[in-house]
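Fold and contact review
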Amino acid sequence: MKTIRTNILCLILNSFCGSALSEEPPPPTQVFQEISTLSSSQFYTNFTLIRTMLKGDWDQKVFEQFSYYDGVSLQLTKRYGEKLKDDKKWGPFFEMKNSLHMETYKQLKPLIEKKGKGEQLEKADRKLLEDLDQRILEKLMK
């Protein structure tokens, strides 16, 4: 029984170490396109949910769940951004996408805190949400 566990552990470690030690060729462009499309869609979906809850009823549990998944997506695109920073096409794209992602949440944070205290959004807050929505659409979704 110990031998089986040891063999399984060795297989798992080998699979991780093997890929980490060897230099793998970069994936085809289609993979980057699909990753960027999926992560951009996840980001926009989460933003839309937050925007809707800021304008209506706030649900902290839903916010935390969806933000977790969006955070996982952001971590993935950050890794690709770092790996592809010298690529003429994908390096600047992932840097722009990740910056937009982080900047958007930085701007949403005060609104989320306000809503968490039970305060209503002001006209300027609603304008900010519209501007952020438009910016995400223009930069990532078109």
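Structure first, text after, so check above.
Here we summarise the structure given alongside this text.

What counts as what
- Residues numbered from 1 in each chain as written.
- Predicted model: local features only at pLDDT ≥ 70, side-chain atom pairs only at ≥ 80, totals over all residues.
- Heavy atoms only, no water.
- Helix = DSSP H or I, 4+ residues; strand = E, 2+ residues; numbered from the N terminus.
- Buried < 20%, exposed > 50% of the residue type's maximum accessible area, 1.4 Å probe, protein only.
- Contact = heavy atoms within 4.5 Å.
- Phe/Tyr/Trp six-rings, centres within 6.5 Å; stacked < 30°, edge-to-face > 60°.
- Salt bridge = Lys/Arg side-chain N within 4 Å of Asp/Glu carboxyl O.
- Axes fitted to C-alpha atoms, helices over the stretch in contact; angles between N-to-C directions.
- Parallel < 35°, antiparallel > 145°, perpendicular 65-115°, else oblique.
- Left-handed = near helix turned anticlockwise from the far one by under 90°.
- Nonpolar A, V, L, I, M, F, W, Y, C, P; charged D, E, K, R; others polar.
- Expected span 1.5 Å × (residues − 1).
- Bend = angle between axes of the 7 residues up to and from the residue.

Description of the overall build of the chain
Counting secondary structure elements, the chain contains five helices and zero strands. The linear arrangement of helices and strands in the chain, starting from the amino end, is α-α-α-α-α. Expressed as a percentage of its 142 residues, the buried residues of the chain come to 30%. Of the contacts formed within the chain by residues at least 6 apart in sequence, a portion of 73% connects residues at least 24 apart.

Focus: the environment of Met96
Locating Met96 in the fold gives a position in helix 4 (residues 90–116). Residue class for Met96 comes out partly exposed when judged on its relative accessible area of 25%. If sequence neighbours within four positions are ignored, Met96 has contacts with Lys139 and Leu140.

Looking at the packing of aromatic side chains
Summed over the entire model, instances satisfying the criterion amount to ten aromatic pairs. Note on Phe43 and Tyr105: the rings are 5.8 Å apart at their centroids and 65° apart in plane angle, and the pair reads as edge-to-face. On the criterion of sequence distance, the pair formed by Phe43 in helix 2 (residues 29–55) and Tyr105 in helix 4 is long-range, its members being 62 residues apart. Grouped by ring-pair contacts, the aromatic residues Phe32, Tyr80, Trp90, Phe93 and Phe94 constitute a single cluster.

Thoughts on the pattern of salt bridges
Applying the stated criterion to the full structure yields six salt bridges. Among the salt bridges present, the one from Arg135 reaches Glu103, with a minimum N-O distance of 2.5 Å. Remark: Glu103 occurs in helix 4 and Arg135 occurs in helix 5 (residues 123–141); sequence separation between them is 32 residues. The exposure class assigned to Arg135 is partly exposed, which follows from its relative accessible area of 28%. For Asp125, the salt bridge goes to Lys114, with nearest N and O atoms at 2.6 Å. Note that Asp125 is positioned in helix 5 and Lys114 in helix 4, a separation of eleven residues in sequence. Just as Asp125 is buried, Lys114 falls in that class too.

Thoughts on the packing of helix 2 against helix 5
Where helix 2 meets helix 5, the axes come as close as 11 Å, and the angle between the chain directions of the two elements is 165°. One finds that helix 2 runs roughly antiparallel with respect to helix 5. Of the two elements, helix 2 crosses helix 5, and the hand of that crossing is left-handed. Here Ser40, Ser41, Phe43, Tyr44, Phe47, Arg51, Leu54 and Lys55 of helix 2 lie close against helix 5, whose contacting residues are Arg126, Leu129, Leu132, Asp133, Ile136, Leu137, Leu140 and Met141. In terms of residue class, the contact of helix 2 with helix 5 is built from ten nonpolar, two polar and four charged.

Details of helix 4
Because each turn of an α-helix spans 3.6 residues, side chains separated by three or four positions end up pointing in the same direction. Helix length check: helix 4, at 27 residues, gives a terminal C-alpha distance of 37 Å against a target of 39 Å (1.5 Å per residue), a fit within 8%. At Leu108, helix 4 shows its strongest bend, of approximately 35°, with the proline Pro110 following within four residues. Of the residues trailing helix 4, Gly118 is marked for its positive phi of about 90°.

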